[in-house]
Amino acid sequence: MDPKEPPNPSQVVYSRSGLVMVKNSILKADHFRSTSPTTGKNTLSFEGAPNFREAAEYPVYGVGQCTFSGIQAALRHILHTRNNNDSSPTRLVLAQVREEPVIYIAGCPFVLRESGYPFSNLLLKQINAERLERLETRLKNDVIAEAKAFQGNVLVHDEGEEGKLVPRWIHVDHESDNPDISIMTPREIIEHAITKIKAASSPSMLTVDYHRVPVAQSGLFPQAEIDALLRVVTSSFESSSSTASASTPTTPPMMPVFLFNSQTGLTRASMAMTVACQVYRHIAPHAGQSASDLMSSHKPLAVPAVIHSLARLVRHGRLARATVDHLLDICWASTQQDHNIRRVLALGVTKYSSLTDPKYLSSVSWYMALIALEEFLDRPSVEADFSLWLSKRPGVLGLVHQMERHPDRALVPHELALHDMHHSHLLSPARGVSPFSPASPFCSAPMRQAAESVITERNGTLLNFQAILKVDFMPSHHDATQLDPARHAGVDAAEAPNFRSLVEGDKPIYGVAQPTMSGIRSIVRHVSGGRPRHIVWVHLREEPLVFVGNTPYVVRNKAQPFKPWVGAHIDEGHLDELEVRLAADVKDELTKYDGAVLVHVERSGRVKPRWLTEDRPHPYDGANSTNVSSFMKRMQQREDASSTPADNNNNANPNDTNTDATDPFDFAVRTPGEVFAKVAAETGHTIQYVRVPVPYCGTAEVADFDTILRHTTDAPSDAVYVFSCQNGIGRTSMGMVIGCMITYMMAHRDKQEAIPARPPNDGLSVLSPKLGALQASPEQVRFLEGDYQVILNVVRVMERGVHARVWTDYFIDECSLLKNLRVAIFEYKRQYELAKPDDKIARKQAKASFVHYLERYFVLIVFQAYLMDTTDTTSTKTKKVTFAHWVEERPEIVQLLDYLHNNPKEDIVLTSGTPRLPALPSPSASTPAPPSLSLSADAVLVVDDAKVVASRWGMVLGKHSILKSDHFPGCHNKALTPHIEGAPNFRHVGNNPVYGVGQSTVPGIMGVLNQMGAAPLDTETQQNCLQRLVVWTNLREEPVLYVGGAPYVLRESRRPFKNLVITSIDTERLERVEARLKNDVLMELEQFGGRLLLHDETAAGLTPLWVEVKSPHDEDGMGVHTPREIYDILARKGYNVDYARVPITDEQAPEEKDFDTIVTRLRDHVVEGAEEPQYPLLIFNCQMGRGRTTTGMSIGYLACSLIPGLAESPTALLEDIATKAPSPPSQDPDEDLLHGDYQLILRLVQLLDGGAITKAVTDRAVDMCGNFQNLRTCILKAKQAAIPAPPPAPFALASSASSIPLPTTSTPAVALLTSKAHEVNEHLLHVAYDYLVRYFHLIAFCQYLLDECARLVAQDDDDDKASSSSPSPSEDHTFVQWMKSRSEIQTLLTNSRKNMQKALR
């Protein structure tokens, strides 16, 4: 470049190729016009130190990103202020709470940004401080390299007026140590500033600790960030205490002073300041205002409903909120108060167009986290960190998850919340009438006035502002049409609605809605049968209850009286604590109002206030039980007498359930646990009360199943089980099914009898009569029987899945007097189908209910399979494994459930066009019997193919399953050589020992092994031959079976060309699935006289084919065999092959553990020879030998090239790549994408130590293995197909150093993607993104190998010896652990899924 010509800024930005400052990266000035406050009362203003301020009551400061001179000014002010206030030395803790990389050029801060999104942070979420500072060091080196290239000049961009960026060149001396003219990282600039200040004052009076605490600008629930801040703050207090104890008596102790900085010094700095102030309050309790002062001066603002739920959930929630509000106000003082998250929450509806705005969600998350932190700090003995404490408080995290999944419900402002949608149909024609509005015909004016006054003045820990105490007992919900009162004489339906037993038999399983105390007594008498019994009562609700007299009550928000306020998987112990606190609140209100308490009853979809007193305790008396006028007069007399109400008992002991005889109202207020204890004492029975918090419209967690199992298995054999929820229908029916499963298992275990494979009536006795009433078509009958895709998939992958499902259906029907789970699933499915397309609310509600109930069905089947798998029915021994642990060991089950949530349309949309005939298999003692199909000598002509498919009965080859040929026309690319018959797409990677092939026939496998030199040795000449070891890795996840030497794959008849998705299944369980599939085929062969129905794929489509298998067990591989059996046969014949299965989902990236498995297989097969090691040959296969095979080949190529002891010369490879010049910029944007320069990849490269070198090494592997499929080409082609008109460059740099215009709202790229969203092919977009993720993982894996290479070389140097073999890595040095320790990489990938088009830009 000619030094006389000014460099073109656009060309410079586009050509950047550093480790961090990659293509299209800019260095944007951190200071801009809006950095300094435009409002507020800031009396301190230092040039270069924006928004500097002090928290009024604590030695805690905040500031924006400072210049070098600004840092000095801020530090001098703090030192001067502290020395004037106290003669003790100052211990300053300076923490930068930014996660984006910053560099100082000539004393001013600049931040790394993308040219297309210059006003958006890079958001390196969850990156740790060490790696962030290493990244800044690499950025510094990139800037120095640019300065060298341009005669000491560096291109930066300033933010001008009206949303413009102005390019500017800065001349620097990178060799100087003067910050005003050199290039430095933030740590280096701080160290220089401290050195200058100490030189100008007494060094002993100032101690400075610098910390980097990366805090993301936005994100949900910052528990990791709070942990990092707490470590900095608490360690500073510990260091100060240690210094004070070690000092002389005349030396005053040093208390820490904190200074936090972020970019503007507003949001993130204020959050960090608030955390420090919270710690100060608990460590130095005399600092700041007292609790009483905070409560009296607190002026709450409007917040979302989820905040009110949290404030009730935590202990002393009102005080915690008042404290947080006060600290936020003093930490935001003297700055732009509009950014105060309190105001952001209050203005959320009007300021943000959507409640899902990231800034709003981040503000809510921080506010929730700070409130929870108050309880965490208030505990006498705290856990190791905040995150660990939260893990033991699932209710708090449950609210966060509720906010993520249903922001439209959780984030509605509490004071403006609408009437609950589930009861909106019960309103009068005036749908918008509030239950508390003057239009309500239930409330007289004096009653409304008194009720409103009480509700507003409530200040308990749960029964507080805008909370009502609603009757939880609803006799009107009793379904008299379905229940026979004669079966349960003595149980009053008015006191125990929906009480019932099972459909048939006398099993001691019962269900009921929420009963009164009298109802509990009557149920206990009924189920005991007149003799002492052990009763296990399982209550499946998650909201706190309290009994006032005989009646149960719950707390609800006034504006949402029919919606549970917790809704977030709270744990049992915490729920018990909440109920004790609620009881204390009710007692306080009884005392405050002279023995009266305000409750609300439900009438016709509205709530009506009523006053309860000791003499009139029933809420459903005909008239109001207390004269309103006399009541208000009595209260006025109390006020005139200046009678002081009792203080709130916020410090109530949760374990103290003793009643006070002097309190006339205590006898009437009880928690559920106290009620059952009282009933047990009265009746003489043993009542084991178990609380299992299950949310409304949700299923039980796996841990909840363990809770029920633990309590039931510990009970006596003749125990009685009662399950209840609010209405006694959904959750109660589910609990009864669980109870049947457990008791039936226990009965057979105690008798040492095997559980039959099928129940007596196949589980359809109750459902069958209803099919006619439901008017179900033959196609719909399939779904009534539960044949949903996710159910069929989970049944296949579990060893006893078919039997577990049959038993689950049986128990569901036994407990179906009020709700049959399968029928409910179908009805919600039909509601979705019948709803009008434009009725989005109805479709959304139907789909949500469908998913909830289908999830229940799914989990119940899995639980039954667990019981059958973990119980040894031939003895009394049971494997000691919990259901939660059992599921955790089977990640494919979790993946299937996630797939249901993410793709519910797979099952909810009714698919037609494929003929099916539902068949009910005949019962058998061991395995399901085949359907009765007519056979003759020529069965091929008589048997209906469709009927065979529809009525298959195997454990894996079940209904609507087929075996499809793996080979199809066009699957072999004839351009690949050498051509081996039966081995499609066989190929070799140059001189590297890596091969690839498709799923081969048995002759094809032998041909491949012959080609690779692994054939059996000739007994006469084997002394002169070298037989190579072939490490064969099958990367297929779908079940495969060999029939007659050819491979066939299991498919669904309605989707024969789509693979079965069983993501995350491990090798052992997948091969067990294939073994069960083989058994199914052998039984079908026996049924059809040695013939088997297969399906072949031809040019005309799918063709049924009957084949005859004469010798299914032959030893030549021509019978019926699993893939492993085929390779075992070949090994016995002398082929030197080591076979393994590494299941990978088609069109997806391998999991991290799969990379480790492949590397371990390579390491384990290195043979030490006399002269040099003998390396194995690696071959990978999938179905076609294309996608997964190419990825496996790339992994093998990288491992063989970079691991010491496996690679011949990894250093030479790196040097060869490093010496090659980067590709010149292209005028065609697709050309750059063909090189892999996607936004997601460039962001990844910035995070890696190897940067562009790592990507270049990966590209070498992709190109070497890409003679059949080049991964980068696939990404580009899929993207071009998904987005027909590629967007232009989102940010065009000017060709001169003049102003560079930028849009004021959004970048052109964002606008284009929004406007053309309807044109995007979503399926192909996901395909392109999935290819990109595969590329992403390969680059990350390459960096891991480079790190391992450096570690192993250093290890050899330390041992002073060279190792000719490859040392095996420990568990701490696997790719899984490497990725786990780099959360920022995982977070980058997770966040990219939210905007795939941006990731593919």
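Residues numbered from 1 in each chain as written. Predicted model: local features only at pLDDT ≥ 70, side-chain atom pairs only at ≥ 80, totals over all residues. Heavy atoms only, no water.

Points about the overall build of the chain
And then number 1: In terms of helices and strands, the chain carries 48 helices and 32 strands.
And then number 2: Counting all 1401 residues of the chain, 57% fall into the buried class.
And then number 3: Residue pairs in contact within the chain that sit at least 24 positions apart in sequence constitute 74% of those at least 6 positions apart.
And then number 4: For the chain, the exposed surface amounts to about 56200 Å²; the carbon and sulfur share of it is 52%. (Helix = DSSP H or I, 4+ residues; strand = E, 2+ residues; numbered from the N terminus. Buried < 20%, exposed > 50% of the residue type's maximum accessible area, 1.4 Å probe, protein only. Contact = heavy atoms within 4.5 Å. Areas by Shrake-Rupley, 256 points an atom, 1.4 Å probe, with all protein chains shown as cover.)

So, the confidence of the model for the chain
Caution applies to low-pLDDT regions: their predicted coordinates should not be interpreted in detail.
And then number 1: Here the chain averages 80 in pLDDT, and 78% of its residues register 70 or above.
And then number 2: In this model, residues 37-41 is a region of pLDDT below 50 whose contacts with residues beyond four sequence positions or in other chains number 11 contacts. (pLDDT = per-residue confidence, 0-100.)

So, the sheet that holds strand β31 (residues 1137-1144)
Two strands in a sheet stick together by hydrogen bonds in their backbones, pointing the same way (parallel) or opposite ways (antiparallel).
And then number 1: Taken in spatial order, the 5 strands of this open sheet run β23-β24-β32-β25-β31, and their pairing is mixed. What marks the edges here is a single partner per strand, and that holds for β23 (987-988) and β31.
And then number 2: The sheet contact formed by strand β24 (residues 994-997) and strand β32 (residues 1177-1181) spans 4 bridges and is parallel. Residue pairing in the sheet places Tyr995 in a bridge with Ile1179 of β32.
And then number 3: Relative to β31, helix α36 (residues 1123-1132) is tilted by about 165°, and along the sheet it contacts β25 (1030-1036) and β31. (Pairing = 2+ DSSP bridges. Axes fitted to C-alpha atoms, helices over the stretch in contact; angles between N-to-C directions.)

Side note on the pattern of salt bridges
And then number 1: Tallied over the full model, the rule gives 68 salt bridges.
And then number 2: Between Arg342 and Asp325 there is a salt bridge whose closest N-O contact spans 3.3 Å. Of this pair, Arg342 sits in helix α10 (residues 341-346) while Asp325 sits in helix α9 (residues 317-332); the two residues are 17 residues apart in sequence, bridging distant segments of the chain. As far as the burial class goes, Arg342 and Asp325 line up, both buried.
And then number 3: For Arg1188, the salt bridge identified is with Glu1038, shortest N-O distance 3.1 Å. Taken together, the residues span a long stretch of sequence, with Arg1188 in helix α38 (residues 1187-1202) and Glu1038 in the loop between β25 and β26 (1040-1043) at a distance of 150 residues.
And then number 4: Here the salt bridges do not stand alone but share partners, grouping Lys23, Asp1232, Asp1237, Lys1255, Asp1259, Asp1263 and Arg1272 into one network. (Salt bridge = Lys/Arg side-chain N within 4 Å of Asp/Glu carboxyl O.)

A closer look at the packing of aromatic side chains
And then number 1: The final tally for this structure, using the stated rule, is 40 aromatic pairs.
And then number 2: Look at Phe883 and Trp886: their rings are 6.4 Å apart centre to centre, the planes differ by 25°, and that puts the pair in the stacked class. Taken together, the positions of Phe883 and Trp886, both in helix α29 (residues 883-888) and 3 residues apart, correspond to about one turn of that helix. In this pair, the class of Phe883 matches that of Trp886, namely buried.
And then number 3: Taken together, the ring pairs connect Tyr58, Phe237, Phe258, Phe260 and Tyr280 into an aromatic cluster.
And then number 4: Sitting over the ring of Tyr853, Arg856 keeps its end group 4.9 Å from the ring centre.
And then number 5: Residue placement shows Lys1398 over the ring face of Tyr117; its charged tip is 4.4 Å from the ring centre. (Phe/Tyr/Trp six-rings, centres within 6.5 Å; stacked < 30°, edge-to-face > 60°. Lys NZ or Arg CZ within 6 Å of the ring centre and 35° of its normal.)

Quick word on the pairing of β24
And then number 1: Burial along β24 is two-sided: Val994 and Gly996 facing one way and Tyr995 and Val997 facing the other are all buried.
And then number 2: Strand direction decides the pairing type here: β23 and β24, joined by 2 bridges, are antiparallel. Across the sheet, the residue bridging to His988 is Tyr995, located in β24.
And then number 3: Here β23 folds back onto β24 in antiparallel fashion, the turn holding 5 residues, of which Gly990 has a positive phi close to 45°.

A look at the nonpolar core
And then number 1: Grouped together as the largest cluster of nonpolar side chains are 93 residues, with contacts concentrated most on Leu27, Ile105 and Phe1341.
And then number 2: Once residues lying within four places of it in the same chain are set aside, the contact partners of Ile105 are Leu27, Phe110, Val143, Val154, Val156, Ile170, Val172 and Ser182.
And then number 3: Judged by nonpolar contacts, the second largest core, of 91 residues, contains Val692, Val862, Leu963 and Leu1077. (Core = buried A, V, L, I, M, F, W, Y, C linked by side-chain atoms within 4.5 Å.)

Looking at the packing of helix α25 (residues 789-797) against helix α30 (residues 891-902)
When two helices pack together, their arrangement is captured by the angle between the axes and the distance separating the axes.
And then number 1: Two elements in contact, α25 and α30, have axes separated by 10 Å at closest approach and are oriented at 175°. By the angle between their axes, α25 is roughly antiparallel relative to α30. From α25, Val790, Asn793, Val794 and Val797 reach across to α30, where they touch Glu892, Ile893, Leu896 and Leu900.
And then number 2: In the contact of α25 with α30, the residues fall into 6 nonpolar, 1 polar and 1 charged. (Parallel < 35°, antiparallel > 145°, perpendicular 65-115°, else oblique. Nonpolar A, V, L, I, M, F, W, Y, C, P; charged D, E, K, R; others polar.)

Looking at the pairing of strand β27 (residues 1046-1052)
And then number 1: Burial runs high along β27: 6 of the 7 residues are buried.
And then number 2: In this sheet, β27 lies alongside strand β22 (residues 961-965) in antiparallel orientation, the contact comprising 5 bridges. Counterpart to Ser961 in the pairing with β27 is Glu1052.
And then number 3: Bridge count between β26 and β27: 4 bridges; the pairing is antiparallel. Residue Tyr1042 lies in a different strand from β27, and its bridge partner there is Pro1047.

Points about the sheet that holds strand β20 (residues 686-691)
And then number 1: As summarised here, the arrangement of the 4 strands in space is β13-β21-β14-β20, forming an open sheet in which the pairing is parallel. Lying at the two open borders of the sheet, with one neighbouring strand each, are β13 (509-512) and β20. Taking the axes of each pair of neighbouring strands and ignoring which way they run, one obtains an average angle of 20° across the sheet.
And then number 2: Both strand β14 (residues 534-539) and β20 contribute to a ladder of 6 bridges, which runs parallel. By the bridge assignment, Ile535 is partnered in β20 with Ile687.
And then number 3: Relative to the sheet, helix α22 (residues 730-750) contacts β13 and β21 (720-724), its axis offset from that of β13 by approximately 170°.

Topic: the environment of Gln11
And then number 1: When you line up the elements, Gln11 lands in helix α1 (residues 9-15).
And then number 2: Using a relative accessible area of 42% as the deciding quantity, one classes Gln11 as partly exposed.
And then number 3: C-alpha of Gln11 to C-alpha of Asn24: the two residues are 13 residues apart in sequence and 9.4 Å apart in space.

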